[in-house]
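Fold and geometry: a report
Residue strings, one per chain:
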Amino acid sequence: MAPSALPLGDPAPPDGRLPQSAAVGSACRDLGVYVHVPFCRVRCGYCDFNTYTATELRGARQTDYADEALHEVRLAGQVLDDLGAEKRPLSTVFFGGGTPTLLPAQDLARMLTGIRDEFGFVANAEVTTEANPDSVDARYLHELADAGFTRVSFGMQSAVPHVLATLERTHDPERIPDVVSAARDAGLSVSLDLIYGTPGESLDDWKRSLEHALRQNPDHLSAYALIVEDGTKLARQIRRGDVAVPDDDLEADMYEVAESTLSAEGLSWYEVSNWARTPAQRSRHNLAYWTGQDWWGIGPGAHSHVGGVRWWNVKHPAAYAARLAGSASPAAGRESLDDETRRIERILLETRIREGLPTSVLSASARIAVAELIANDLINAEAALDGRIVLTVKGRLLADAVVRRLTD
């Protein structure tokens, strides 16, 4: 929700006001909040998110961040009130980064309380924070649970030291059982994030990581294929020949191993890169992104979407703080999505989730392509014949290929 490069768009109004069109149909959409905490102890070589180490802050302070974020929370409430739409309590809140747990637990608790006070929560709202395994302990996790957090997503990435070293992750994989146990003792649901396809990672390395993750009995697991983003240290290393180019065929094999291994252990896929033990343990916040719901992104570089209007905040924490100190919206730009753009984005997103996409959304030429995709076992035939498309793909690469056919 906070990539390093901001898109092009139209200027955002200084007060953040939304067009009246954003209110249309709002009562039928869930509302969530994403809080981007842009601080990291070190910068991982593969990461393209909008994050800053202590030496890169230049004019901003981590200790001020909770107050600045709460300022935007109040602005968000005012903008949505001015829109005149029916007031909606939040279904989900997600703290991501960066490393949210670099902040004191009291800061996260205070931000969550401010969000709750401003919007209210639905019953059984999902409240998640990402965490590095080396940035929390039992006391910290109990403080989060006491504040109202319900889930924690640990950035495990790998259980193999040489893979973690290539990714420049600093945690000890042997710490994973300790933090998972502490989270469970605190009453938190546990998700683990893995990355596959790291240069130098073998299929056996990947199996080792999956096995280590499964020994923790997670409620939810994400497994993402490594994407080498332009401008990252890893991209420069690959260009120089210091590390190998990721192997697409090996990534496809790794995905197949993940699907078979996780399914055998009771984790069912519900999105191309995500598995959960039960439907209730799926990430409702991420599902809101994939199904076109509304969310407000708090923080530097955070992106938001309300009723077909998408906007993004200024990137640097100092610029973000300065905007808010001047009683201005931190939004750097925005765009209003036309019907065709929204239709294509729906295809891009809903074809990746288990419930699939109604074929009625497709153009006539794309509906003709469905038969070929069924014949090549790229979509589920039974589901397609029932009026929906469901991907049965071997990971991100084939998912992208299918989507290209359906949006041509």
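Right above here is the structure, for reference.
Okay, the packing of aromatic side chains next. The full count for this structure, using the stated rule, is 9 aromatic pairs. Seen from their ring centres, tyrosine 34 and phenylalanine 94 are 6.3 Å apart, and the 25° between their planes marks the pair as stacked. With tyrosine 34 in strand S1 (residues 31-37) and phenylalanine 94 in strand S2 (residues 90-97), this pair connects stretches of sequence that are 60 residues apart. Looking at tyrosine 34, the relative accessible area reads 5%, which means it is buried. Members of the aromatic cluster, connected to one another through ring pairs, are Phe39, Tyr65 and Tyr320.

What follows deals with the nonpolar core. Residues Phe95, Met111, Leu141 and Phe154 are the most contacted members of the largest nonpolar core, which totals 99 residues. In this view, phenylalanine 95 contacts Val35, Val37, Pro100, Leu108, Met111, Leu112, Ile115, Thr128, Thr129, Glu130 and Phe149; residues no more than four positions away in its chain are not counted. Tyr34, Phe94, Tyr270 and Tyr289 belong to the second-largest nonpolar core, a separate cluster that totals 10 residues.

Moving on to unusual backbone geometry. That bond from glycine 97 to glycine 98 is cis: its omega, 15°, falls within 30 degrees of zero. Positionally, glycine 98 belongs in the loop between S2 and helix H2 (105-119). For asparagine 124, which is not glycine, the phi dihedral falls at a positive 60°. In this structure asparagine 124 comes out as exposed when scored by relative accessible area, which is 68%. Backbone geometry at glutamine 157 places phi at a positive 65°, although glycine is not the residue there. Position of glutamine 157 among the secondary structure elements: in strand S4 (residues 151-157).

Calculation rules
Residues numbered from 1 in each chain as written. Predicted model: local features only at pLDDT ≥ 70, side-chain atom pairs only at ≥ 80, totals over all residues. Heavy atoms only, no water. Phe/Tyr/Trp six-rings, centres within 6.5 Å; stacked < 30°, edge-to-face > 60°. Helix = DSSP H or I, 4+ residues; strand = E, 2+ residues; numbered from the N terminus. Buried < 20%, exposed > 50% of the residue type's maximum accessible area, 1.4 Å probe, protein only. Core = buried A, V, L, I, M, F, W, Y, C linked by side-chain atoms within 4.5 Å. Contact = heavy atoms within 4.5 Å.

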